[in-house]
Amino acid sequence: MDTAACGSTARTAGARPAVVLGGVGFSYGSARPVLDDVNLTVPPGRFVSIVGPSGCGKSSLLHLIAGLAAPTTGTVELLGRPVNAQRHEIGYVFQQDVLLPWRTLEQNVALGPQLAGTRRAARLREAREWLARVGLAGFEDSYPHQVSGGMRRRAAIAQTWITGPDVLLMDEPFSAVDVQMRTLLGNALLGLWGESGQTVVFVTHDLEEAVSLSDEVIVLSSGPASTVVGRFPVLLERPRDLLDIRTRPAFREVCDRVWQTLRDEVAATYGEARR
Ligand SMILES: Nc1ncnc2c1ncn2[C@@H]1O[C@H](COP(=O)(O)OP(=O)(O)OP(=O)(O)O)[C@@H](O)[C@H]1O
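Positions within a chain are numbered from 1, following the residues in the order the chain's sequence is written. The model is predicted, so local features are restricted to residues of pLDDT at least 70 and side-chain atom pairs to those at 80 or more, both for listing and for counting; the totals for chains, interfaces and linings are taken over all residues.

(A) Focus on the overall build of the chain. Going along the chain from the N terminus, every DSSP run of H or I of four or more residues is numbered as a helix, and every run of E of two or more is numbered as a strand. Summing up its helical and strand segments, the chain has 8 helices and 10 strands in all. Within these notes, the globule rule equals 2.2 Å times the number of residues to the 0.38 power, and the radius of gyration is based on C-alpha atoms. In terms of overall size, the chain behaves like a compact globule, its C-alpha atoms giving a radius of gyration of 19 Å where 275 residues would be expected to give roughly 19 Å. Taken along its principal axes, the extent of the C-alpha atoms in the chain is 60 × 45 × 40 Å. Exposure in this text rests on C-beta crowding, where 20 or more other C-beta atoms within 10 Å of a residue's own make it buried, 12 or fewer make it exposed, and counts in between make it partly exposed. The C-beta atoms are placed from the backbone. The buried share among the 275 residues of the chain stands at 43%. Think of it this way: build a C-beta for each residue from its backbone, and any pair within 7 Å is a contact. Of the contacts made within the chain by residues no fewer than 6 positions apart, 72% connect residues no fewer than 24 positions apart.

(B) Inspection of the site of the ligand at higher detail. Working rule for contacts: place C-beta from the backbone, and if it is within 6 Å of a molecule or strand, that residue counts as near it. Around the ligand sit Tyr28, Ala31, Val34, Gly52, Ser54, Gly55, Cys56, Gly57, Lys58, Ser59, Ser60 and Gly223, and those are all the residues in its vicinity. In the shell around the ligand, the residues fall into 4 nonpolar, 7 polar and 1 charged. All residues other than Ala, Val, Leu, Ile, Met, Phe, Trp, Tyr, Cys, Pro, Asp, Glu, Lys and Arg, Gly among them, are scored as polar; the first ten of these are nonpolar and the last four charged.

(C) Here's a closer look at the sheet that holds strand S7 (residues 167-171). Pairing between strands is defined by DSSP: at least two bridges between them are needed. Spatially, the 6 strands line up as an open sheet ordered S6-S7-S8-S3-S9-S10, and their pairing is mixed. Of all the strands in the sheet, just strand S6 (90-93) and strand S10 (228-233) have a single pairing partner and so form its edges. Going from strand to strand, the sheet's axes swing by 15 degrees on average, the running direction of each strand aside. When S6 meets S7, the two strands line up parallel, connected through 4 bridges. In the sheet register, Gly91 faces S7, and the bridge partner there is Leu168. Geometry is summarised by axes, namely lines fitted to C-alpha atoms with helices restricted to the contacting stretch, and by angles between N-to-C directions that run from 0 to 180 degrees.

Listed below in structure tokens is the structure:
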């Protein structure tokens, strides 16, 4: 089964690419370029992960897709238009907790609808539904400091997803939780994604996490002037259960193929001789 088709709904049928980067270069001021000639097309409904050595520019790339930074050269398009024009179509899940400590989980998740002008009763009902979807029913009235890191991550995902973004950008969203919780959060994420048809661009340091979640893994080269050095389709069937997938030979095979490319970039970053 070609997993690329999974997660698709009417939202994606015949639609334009979700993200197109054309010849993108980027630098912070006059510093050496972080990215150079990055070309990348993400079809709608895809789950794509970006991996690469530390400091190669993964987060910078997400910033460009979000319109939080402008490319030095080239173009960034979101759903067929220049990215600056429609930031509301993007959701961004950061590595750090961004829940407001003085609001309950329910109030945190309801924040997006509140800012969009949704009436109180409706937004709280919606927030409760989203909390239930991410396994947090019963914790509506808890404050962020009263729940675990994994639960805060779930709430953060619900907080972002409730606004219905077409493109969800996730920057190492599970890096602060333990490996078992990462697996459970990954399963929860795939469940939401499978229902939604949204496009996900996911940055991670963890190659196995990238392969287990994605339709495609993109490898960025060692910096400076990073570019795309590998694109690896992941044709593992869906739905996937991340508790089981890591032992499958087909999974290991994809991980090995991606690692062949990533390994050289990691070695270059840390100054080792290339094979
Ligand atoms: N605001 C900034 N100003 C100047 N340089 C920056 C800024 N943010 C990041 N950089 C530099 O740009 C390069 C790419 O950083 P970026 O955070 O995009 O990489 P990354 O691949 O996400 O890193 P990591 O894997 O360590 O999270 C790094 O050399 C970093 O030091």
